[in-house]
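# Examining the three-dimensional arrangement
Listed here are the chains, written in short residue letters.
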Amino acid sequence: MTPAVHMISNNMISSLGFTTAEHIESFRLGQTGIIPFQTLNETFHVSPINQALLEQEWDALAVQPNYEKLEKLFILSISKTLENQDIHPRNDDCLIILSSTKGNIDVLKQNHNRNAYLYEMTRNIARHFEAANRPQIISTACISGTLAGIMAYRYIKSGRYKHVVVSGGDLLSDFTLSGFNAFKALGNTDCKPFDKNRDGVSLGEGVGTILFSSESQNSDNVIQITGGASSNDANHISGPSRTGDGLHLAIQGAMKQAGLSQNDIGFLSAHGTATPYNDEMEAKAFHLSGLQDCPINSFKGYFGHTLGAAGLLECIAAIESLRRNEIYPSLGFEEMGVSQPVNIIKEFRKKELHHVLKTASGFGGCNASIIFSKVS
Amino acid sequence: MEAFANKLKVQIIQHLNLEDLEPDEVGLDDPLFGEGLGLDSIDALELIVFLEKEYGIKIENPEEGKQIFQSVNTIASFIQQHQNT
Amino acid sequence: MKKDLHILGSCHIENDKIWVNGKTRYESSVQDESPIAFLKSAYKELGIKYAKFHKMDALCKLGFIASEFLMEGLGRPDLPTTKTGIHLCNSSSSLDTDMRHQESINDLEKYYPSPAVFVYTLPNIVIGEICIKNKIQGENAFFIFDVFNASEQVSLIRMLFEETDTECCLCGWVDLLKDEYEAFLYWIDVEPRNGKQGLIFNELNLEHLYKTKKFV
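Let me sum up the structure you'll find in this document. (Residues numbered from 1 in each chain as written. Chains lettered and ligands numbered in written order. Predicted model: local features only at pLDDT ≥ 70, side-chain atom pairs only at ≥ 80, totals over all residues. Heavy atoms only, no water.)

### A closer look at the overall build of chain A
Applicable threshold: Numbering of helices and strands starts at the N terminus; helices are DSSP runs of H or I of at least 4 residues and strands are runs of E of at least 2. Values of the radius of gyration come from C-alpha atoms, whereas the globule rule sets the reference at 2.2 Å times the count of residues to the power 0.38. Three labels apply to residues, based on accessible area from a 1.4 Å probe with only protein chains included: buried if under 20% of the type maximum, exposed if over 50%, partly exposed otherwise in between. We call two residues in contact when some of their heavy atoms are within 4.5 Å. Note that accessible areas follow from Shrake-Rupley with a 1.4 Å probe, and for residues the cover is restricted to the protein chains shown.
The number of helices and strands found in chain A is ten helices and 14 strands. Against the 2.2 N^0.38 benchmark of 21 Å for 376 residues, chain A shows a C-alpha radius of gyration of 19 Å, consistent with a compact globule. If one aligns the C-alpha atoms of chain A with their principal axes, the spans along those axes are about 60 × 50 × 40 Å. When burial is assessed residue by residue, chain A has 67% of its 376 residues classed as buried. Across chain A, contacts joining residues at least 24 apart in sequence account for 78% of those joining residues at least 6 apart. For chain A, the exposed area adds up to about 12500 Å²; of that, 45% sits on carbon and sulfur atoms.

Shown next, in the form of structure tokens:
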């Protein structure tokens, strides 16, 4: 008998707050955490975490302070996720999987800081939790977080571990701002995914953590991962595919695994970075997959593009949609701006949901998709 | 003008790491993108950086680049126009 | 009963030398070359013309060269492209190029971040480059570890084959930072391909292949 993979608890940290509940409140009210911000002699529209709140939260945790900023965020998010749970990484049957694109990128300016190595950061975090197993970290561009969720699914389903803590995080940094800016990929306003006037990404920072387990805890409204797959466009290292066939392949893989067809998907949380080419590619892929009528949003309008955290923060947002039977508007969207129209959510409303799909795509031509289902 | 265009061609080949190409293989009016030299979107962005760094000319809108980056000659005359003003 | 998987080929690159399926395939005649110079001479040895190679950063060049020699050793088989995966890992991520990008932004007086450098500040770009060359569209993942660990590799790759319809996968380690580099790629298949039997994919065989470079 193959074990099912249940969502037990989660936590979101971004500009919108340090709890999942604060994020849901912002989604319901359509409030963004994106603000104008001055650095590198320019103004950028970004979604930064409140530093004073971070210090306050960290002090409340009362642990030794010698951690880097991102490590603090990871430790806070994982601690909050494990609160009141019997499951803990110090037990043999529990694995920690992190996801990040750049890790402690803020220490790169300092020479010879070992914490610039992603595995060093991973080990620092695992040591804090006295992890029994060697932790893992995925660094696969902007699909990292979604892929970490897929790996958790595979580890539990194949019986290798009973419990997996997945946590994805990345910082807002001059490193990524200058790079995306050189790519002319940053918008001049708050990002507007799928909108006619979209002109680029708003970068953000955050951490999202989910505890998955083969054991389910409560009897009603159990959320499970039922499928997941990744793929590659094999087309260009930075330009999104012109056909969307790579993302379509990842969606098909996840649907096949879940035993579902397009009509079963009640809500789709897209990647929706708000660059002209990305959103166009996604719209084509959703058409190829027969999902053009499915209610779709991008959460980027709320907390920006959080890179290696994006997949997990947006998986949690999708899970909470599913659990609460609510769908949230795609902030920044006014007028259809993709050549093959898709059904973008314009306002907060209640909707009975059974299965939701989360997709992600990134540099290197990679794509990933994961399906969450509600079992009553 | 032609001497300048030839110098520019060598600079571009170096800047874009087009190592398999000898300068003689590239005509001054050959299309740089698509069927021509096969440059891609990253090269176009890199040419924007190149113009700013080497010639102090800023291009804010990448769409503008499409007109300018048609061939070595179009880039050369764009640079000369901007240096004269 | 879970089916056995097979290691059908391998490629090691270190110390200016390339081994394919346990045998020395190429050795540079120049002593103490930079990794970039060595990889360029290895590219010439391959006898292919692929303009994108020259634009790659050093990590991608290393992974690309290793994948090309591996494919050559496999006899360049027809691949089930949507069921072919690439699963790579290393310890330095893309730090080698990260440092180049960081240097270009440290001083606002000399601030010229390059898009052609920035795009390589992700370790999985090497997967993208290999996918583009070979039209591979299956499962993708890049993991970071401190060292190559055969047990972790076997667990991850076995899981990939058990839980997806992957039929073959390019796997391994590709690491580069400044003058230090090491690549160890290997090919995993559900069945013998191109008449190659290979080795049974288990921790013992993989560890032995990695450490001794002997394909037995």
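That covers the picture; the talk isn't over yet.
### Looking at the pairing of strand E6 (residues 168-177) of chain C
Residue and element names in this part refer to chain C. Going by this rule: DSSP bridges decide pairing: two strands pair if at least two such bridges lie between them.
Buried residues dominate E6, accounting for ten of its ten residues. On E6, burial covers both faces: Cys168, Leu170, Gly172, Val174 and Leu176 on one face and Cys169, Cys171, Trp173, Asp175 and Leu177 on the other are all buried. Pairing analysis gives six bridges linking strand E4 (residues 84-90) to E6, with the strands arranged parallel. In the strand pairing of E6, histidine 87 is matched with cysteine 171. Across ten bridges, E6 lies against strand E7 (residues 180-189) in antiparallel orientation. Following the sheet pairing, valine 174 is matched in E7 by alanine 183. Between E6 and E7, which pair antiparallel and follow one another directly, the connecting turn spans two residues, one of which, lysine 178, has a positive phi of 55°.

### So, the interface of chain A and chain B
This is how it is decided: By convention, the term buried area covers the 1.4 Å-probe accessible surface removed from two parts as they join, with the contributions of both added. We count a salt bridge whenever a side-chain nitrogen from Lys or Arg sits within 4 Å of a carboxyl oxygen from Asp or Glu. Classification convention: Asp, Glu, Lys, Arg as charged; Ala, Val, Leu, Ile, Met, Phe, Trp, Tyr, Cys, Pro as nonpolar; all other residues, Gly among them, as polar.
If you look at the interface, chain A gives seven residues, while chain B gives nine residues. Interface area lost by chain A to chain B is led by Phe183(A), Lys184(A) and His236(A), which between them contribute 71%. Applying the counting rule to chain A against chain B returns zero salt bridges. Residue composition of the side of chain A that touches chain B, by class: four nonpolar, two polar and one charged.

### Some details on the interface of chain C and chain A
For clarity, the threshold we go by: By the criterion applied in these results, polar contacts are pairs of N or O atoms within 3.5 Å in which, for protein atoms, one can donate a hydrogen and the other can accept it, and in which residues neighboring in sequence qualify only through two side-chain atoms.
With 54 residues of chain C in contact, the opposing surface of chain A contributes 51 residues. Across the chain C to chain A interface the summed buried area is about 4500 Å²; carbon plus sulfur atoms make up 59%. Across the chain C-chain A interface, the total number found is eight salt bridges. The closest approach of N and O atoms between Glu162(C) and Arg160(A), which form a salt bridge, is 3.1 Å. Put simply, chain C and chain A have 24 residue pairs in polar contact (both at pLDDT 80 or more) between them. For the side of chain C that touches chain A, the secondary-structure elements that each account for two or more residues are helix H4 (95-106), helix H5 (115-118), helix H6 (125-134), strand E5 (140-144) and helix H7 (150-163) of chain C. Its residues assigned to classes, the side of chain C that touches chain A shows 26 nonpolar, 18 polar and ten charged. Sheet analysis places strand E5 (residues 136-138) of chain A next to E5(C), joined by two bridges and oriented antiparallel. Across the sheet, Ile137(A) pairs through a bridge with Ile144(C), a residue of E5(C).

### Examining the pattern of salt bridges
The final tally for this structure, using the stated rule, is 35 salt bridges over all chains. A salt bridge links Glu139(C) to Arg154(A); the nearest nitrogen and oxygen atoms lie 3.0 Å apart. Highlighted residues: Glu139(C) in the loop between H6 and E5 and Arg154(A) in helix H5 (residues 144-157), drawn from two different chains. No difference in accessibility class separates Glu139(C) from Arg154(A), as the two residues are buried.

### Some details on the nonpolar core
Short version of the rule: For our purposes a nonpolar core is just a set of buried Ala, Val, Leu, Ile, Met, Phe, Trp, Tyr and Cys residues, chained together by side-chain atoms within 4.5 Å.
The biggest cluster of nonpolar side chains holds 181 residues, and the ones touching the most others in it are Phe27(A), Phe212(A), Phe372(A), Ile13(C), Ile18(C) and Ile65(C). Broken down by element, this core gets its largest block of residues, eleven residues, from helix H3 (residues 58-74) of chain C. The contacts of Phe372(A), once residues within four sequence positions are left out, are Phe212(A), Ile223(A), Gln224(A), Ile225(A), Thr226(A), Cys315(A), Ile319(A), Leu322(A), His354(A), His355(A) and Val356(A). Of all hydrophobic cores here, the second largest spans 25 residues; its members include Ile12(B), Ile13(B), Leu47(B) and Ile75(B).

### Examining the pairing of strand E14 (residues 366-375) of chain A
Within a regular strand, side chains alternate between the sheet's two faces. Residues and elements named next belong to chain A. Of all ten residues in E14, nine are buried; the element is thus mostly enclosed. Sheet topology note: the strand E8 (residues 222-232)/E14 ladder contains ten bridges and is antiparallel. Paired with alanine 229 across the strands is serine 369, a residue of E14. Across eight bridges, strand E13 (residues 355-362) lies against E14 in antiparallel orientation.

### Quick look at the environment of Ile42(B)
With respect to the element layout, Ile42(B) can be found in helix H2 (residues 41-55). Taking C-alpha positions, Ile42(B) is 9.5 Å from Leu16(B), a pair spaced 26 residues apart along the chain.

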